[in-house]
Structures are given as C-alpha cells and as structure tokens.
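Close look at the chain arrangement
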Amino acid sequence: MAFQISASHIRAVSCMSSSMPRVRSDFQRAGVKFKHFFTLGGSPGSPQFGRTPVASPARGEVDAAIRAHRFSTTTAAGAPRKFVQANGSSLPRGRSGWLGKFALGAALGASTAALVQSFHTGVITAMSHKINLGSAEGDWKETKAFLLSLSLEDRRPYYRTSGSVSLVDIPVWTPTAGGSEPSRYQRNQKLDQKISVYSGDITMLEIDAIVNAANKTLLGGGGVDGAIHRAAGPLLKKECASLNGCETGEAKITCGYGLPAKYVIHTVGPIAQGGVGEQQRRALKSCYKNSLEAATSNAARSVAFPCISTGIYGYPPEQAVHEALAAVREFLDAHHDKLDRVIFCVFLPTDKELYLQNLPLYFPAETTVRSKL
Ligand code: ADP
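Computed from a predicted structure; not experimentally measured.

Cut-offs and rules
- Residues numbered from 1 in each chain as written.
- Predicted model: local features only at pLDDT ≥ 70, side-chain atom pairs only at ≥ 80, totals over all residues.
- Heavy atoms only, no water.
- Helix = DSSP H or I, 4+ residues; strand = E, 2+ residues; numbered from the N terminus.
- Buried < 20%, exposed > 50% of the residue type's maximum accessible area, 1.4 Å probe, protein only.
- Contact = heavy atoms within 4.5 Å.
- Areas by Shrake-Rupley, 256 points an atom, 1.4 Å probe, with all protein chains shown as cover.
- Pairing = 2+ DSSP bridges.
- Axes fitted to C-alpha atoms, helices over the stretch in contact; angles between N-to-C directions.
- Near = heavy atom within 4 Å.
- Polar contact = N/O pair within 3.5 Å; in protein donor to acceptor, adjacent residues only side chain to side chain.
- Nonpolar A, V, L, I, M, F, W, Y, C, P; charged D, E, K, R; others polar.
- Core = buried A, V, L, I, M, F, W, Y, C linked by side-chain atoms within 4.5 Å.
- Salt bridge = Lys/Arg side-chain N within 4 Å of Asp/Glu carboxyl O.
- Disulfide = S-S within 2.5 Å.
- Expected span 1.5 Å × (residues − 1).
- Left-handed = near helix turned anticlockwise from the far one by under 90°.

**A look at the overall build of the protein chain**
The secondary structure content of the protein chain amounts to 13 helices and 10 strands. The proportion of buried residues among the 373 residues of the protein chain is 49%. Relative to all contacts within the protein chain whose residues are 6 or more apart in sequence, the contacts with residues 24 or more apart total 76%. Working note: accessible area of the protein chain is about 17500 Å², and carbon and sulfur atoms make up 54% of it.

In structure tokens, the structure reads:
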C-alpha cells in the first residue's frame, strides 16, 4: 500500500517525542494549527465546533495525554478499520488512515513539529476506535484518561447530546439594586463577573464541571441525577460504582463521559421532607462548598449547580437559595482566582425568580453594610 510506514519509523518518532521535551512542546504549540490538516473527516457533533476552549488543560491532563499517547502506540497498528462514534454507531474510515497521513506529510517535507503532531493526531484517532460511550462494556478508566487528555475541540465529537451551550453563550449576571434588606456583603465587581443564572437543562452545558444532585449510592436516580446519567452514558455509572457512595453534604468528582461538561461533581443534598433544621441547612451549604472544592482541586474553572435538594428531597426553594448563594459568595471571597464562572442552573421559572431576587443580597450592586461607627 502506498502509504505504509515501517514499525521502526514509528518507534523512532515515538522515542523522539518522549525523549525530547522541546519537540513535544513544539508539537503541542503546533497542535491547533496542524490538527486540521491531518484530522480525519467527519463532522463534529456541535454547532459551536471550533470555538475557543473554556480552559487550558491542567498539568495532570497533559500527563494523561502523554499516557494515552504511549498506550496508543501499542494499539494503533492492530486497530480495527472502523471509527466508532460516541453514540455507538460505526462509520467507515476514509481511505487514508493516520499512518498514511503521517507518511504523506513526510513525503511532502513537512516540519518535525507538524509530523509529530500528525503522529499525535493519529494516536488520538487510534484510541478513538476503542471509545464507545453508548456501551457499558468499555473500560471507564481508559476512556476517562483518554477523554481528559483531549482539548475541548477534540472532545466535541464524543458528546452524546446535540445543541450544547458554550460558556461564551451564557451571559454574566448584571448586578441590580436589591430589595429593602441590606446586604451583609461588600460590593465586589470582580465577583459579579463570575456569576450567571441560566435557565435550562444542565446536561447541555459545555463547561468544566456540572454538579449532580445525587443520592447516597451515586448509582443514579430520578430528577437531574437521571438526566445526567442518561446524557453521560453507562460508563458514568461504572465510575460512580467505584466511589463507594457519598455522604450527605459531601462531593465526589467523575469524568463527564458523553456530556459536554468535562467533569460531573456528585453531591448528596439533605432530605428535608420532614422540615428544615440547622442540620439540613449546614448540609446543604456543605454541598455547595464541597462541590466547589472538588472543582478547584481538579482545575475546573467553570461550574454549574442545579437547585440541590429542592426537587424530590423537598427542601423549600425559597430557603435553599440562601444556602446556595451564601456558600458561593464565601467560597469566591476566599478563592476568586481559582474560578471563572459559577452558574446557577435553574429549571423552573419560579427558581429563576428566586435567584434574581436574592442575588443582590449576596452580590450587592453597592455597599450597603451599615457601619458600626
Ligand atoms: P433532589 O433529589 O436533590 O431534590 P432533583 O433532581 O429532584 O434533586 O431536583 C433538584 C433540582 O433540579 C430541581 O430544582 C429540579 O427542577 C432540577 N432539575 C431537574 N432536571 C434538571 C435538569 N435536567 N437540569 C437542571 N435542573 C434540573
């Protein structure tokens, strides 16, 4: 076949990329530019394809990319000639596979950086053969490492939902004058820029992390929990099963799998059907605080919350909103540099009203704290 390349050639490039950090950083820099030359055809699943990533990959993700790279060099040659999409369907690949594209690049005298990038793209393509987000058969650890190694753009073809909503399309909240009650908090314009109220389905958000109002088993349930598990696909439940459940008020993080969100943070809200006491209040506030801690310790800079506990768990929404806003305000006061956006994702029009009414109490448009002097 015209575009065949020897195994020793592959090894040579592989060694070069692992023993020459300079070359590796070159190819990472060249990545965006050259990826389009060498990427296989096939339309990504989102209309926002090609937008700027919401966050740059963290160190751990780069390491994961390198791990995926190493792993894939051993599987590329034997990979089946089908491209399995995230929804489980298979498409025949084009005539020129990644090896062919790599050899073609060599023949045309492409630069080292471009060749190494071509190789890297081929490695991603080879790994993509193993990914089937519609099946519970896959290895969640391998899939997670692979998905977390991808840029936002490269992850888009794996979304199991269509019509995702990008962070740039979620407006920042505009501070408004509050009601009659004075705020306990100082005006802070930098923090105002980090808040959004978004009405809609949390599973559509293309951000770093969405929070799930889970139950203690973490194995899926009704409400927003069910919606998140359906959209992410069955590997989410597999990873959740490895976490040994979660206590009320705590939070645990997983990959987002087929979701546009990179991570899902699972938190367990208090059951408040018997009424709200101090214990429930504290637990609900902890859900928000611990979720934000899980996000920032995984370098997630944009996070969306549903109205935790206010559905099946029966917490009155007009009380829950205060715990949510106080927890987020206090966390941002302490860690504003670690987060770009916190989104209150409301599903019901009444919840939207509650958030808009109460936000000025926690993010006031002017300082209304009364001086003791
Ligand atoms: P809980 O058991 O913690 O009460 P629920 O899922 O029953 O959790 O409800 C929590 C909140 O999530 C409710 O306000 C509900 O309206 C909202 N909700 C349900 N589905 C979605 C969704 N797809 N996206 C965003 N919010 C949702």
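**Remarks on the environment of proline 317**
Residue placement: proline 317 occurs in helix α12 (residues 317–335). Spatially, the C-alpha atoms of proline 317 and tyrosine 355 are 9.7 Å apart, while their sequence positions differ by 38 residues.

**Quick look at unusual backbone geometry**
As a rule of thumb, non-glycine residues mostly have phi less than zero, and peptide bonds are mostly trans rather than cis. Of note, leucine 218 is a non-glycine position whose phi angle comes to about 65 degrees, a positive value. Even without being glycine, alanine 299 reaches a positive phi, approximately 60 degrees. Position of alanine 299 relative to the elements: it lies in the loop between α11 (278–297) and β9 (302–305).

**Things to note about the sheet that holds strand β8 (residues 263–268)**
The strand order β4-β10-β9-β6-β8-β7 describes an open sheet built from six strands, whose pairing is mixed. What marks the edges here is a single partner per strand, and that holds for β4 (195–199) and β7 (251–255). Looking at each pair of strands side by side, their axes are set apart by 25 degrees on average, direction ignored. By the bridge criterion, four bridges tie β9 to strand β10 (residues 341–346) in an arrangement that is parallel.

**Quick notes on the site of the ligand**
Around the ligand lies a shell of 16 residues, among which Asp201, Val224, Ser309, Gly311 and Ile312 are the nearest. Here threonine 310 contributes a side-chain N or O atom positioned 3.2 Å from an oxygen atom of the ligand. In isolation the ligand exposes 560 Å². Once the protein is present, 91% of that is buried. Among the elements that make up the shell around the ligand, the one with the highest residue count is helix α9 (residues 223–232) (three residues). Of the residues that constitute the shell around the ligand, the class distribution is nine nonpolar, five polar and two charged.

**Notes on the side chain of glutamate 239**
Tracing the chain through its elements places glutamate 239 in helix α10 (residues 234–241). Residue glutamate 239 is classed as buried on the basis of its relative accessible area of 2%.

**Re the nonpolar core**
Formed by 78 residues in total, the largest nonpolar core has its most connected members in Leu205, Ile210, Val328 and Tyr355. In terms of residues, this core owes the most to one element, α12, which gives nine residues. Non-local contacts of valine 328, meaning those with residues more than four positions away in its chain, are made with Ile195, Tyr288, Leu292, Phe305, Val342, Phe344 and Phe363.

**Things to note about the pattern of salt bridges**
According to the stated counting rule, one finds 10 salt bridges in the structure shown. Across the salt bridge formed by glutamate 247 and lysine 216, the nearest N and O atoms sit 3.8 Å from each other. Pair noted here: glutamate 247 is in the loop between α10 and β7 and lysine 216 is in the loop between β6 (209–214) and α9, with a separation of 31 residues, a long-range link. When salt bridges that share partners are traced, they join Glu278, Arg281 and Arg282 into one network.

**Some words on the side chain of threonine 296**
With respect to the secondary-structure elements, threonine 296 resides in helix α11. Look at threonine 296 and you get buried, because its relative accessible area is 18%. Beyond its immediate chain neighbours, meaning those up to four positions away, threonine 296 contacts Phe331, Lys338 and Leu339.

**Section: the pairing of β4**
Within β4, four of the five residues are buried, which leaves it mostly tucked inside the rest of the structure. Across five bridges, β4 lies against β10 in parallel orientation. Residue pairing in the sheet places valine 197 in a bridge with phenylalanine 344 of β10.

**Regarding the state of the cysteines**
Summed over the entire model, instances satisfying the criterion amount to zero disulfides. The cysteine cysteine 246 is free of any disulfide, with cysteine 287 supplying the nearest cysteine sulfur at 8.1 Å. Among the cysteines around cysteine 307, which has no disulfide bond, cysteine 345 carries the closest sulfur, lying 7.9 Å off. We classify cysteine 307 as buried; its relative accessible area is 14%.

**Overview of helix α13 (residues 349–362)**
Here α13 is 14 residues long and its end C-alpha atoms lie 21 Å apart, about the 20 Å a rise of 1.5 Å per residue gives. When we look at burial in α13, the residues that qualify are Asp351, Leu354, Tyr355, Asn358, Leu359, Pro360, Leu361 and Tyr362. Contact partners of the buried residues in α13: β4, α11, α12 and β10.

**Quick look at the packing of α11 against α12**
Interhelical geometry of α11 versus α12 gives an angle of 40 degrees and a closest axis separation of 9 Å. Like other packed secondary-structure pairs, α11 and α12 cross with a definite hand, here right-handed. On α12, the residues touching Arg281, Leu284, Lys285, Tyr288, Lys289, Leu292, Glu293 and Thr296 of α11 are Ala320, Glu323, Ala324, Ala326, Ala327, Val328, Glu330 and Phe331. Here the contact of α11 with α12 is composed, by residue class, of nine nonpolar, one polar and six charged.

All we've got here are geometric facts, nothing functional implied.
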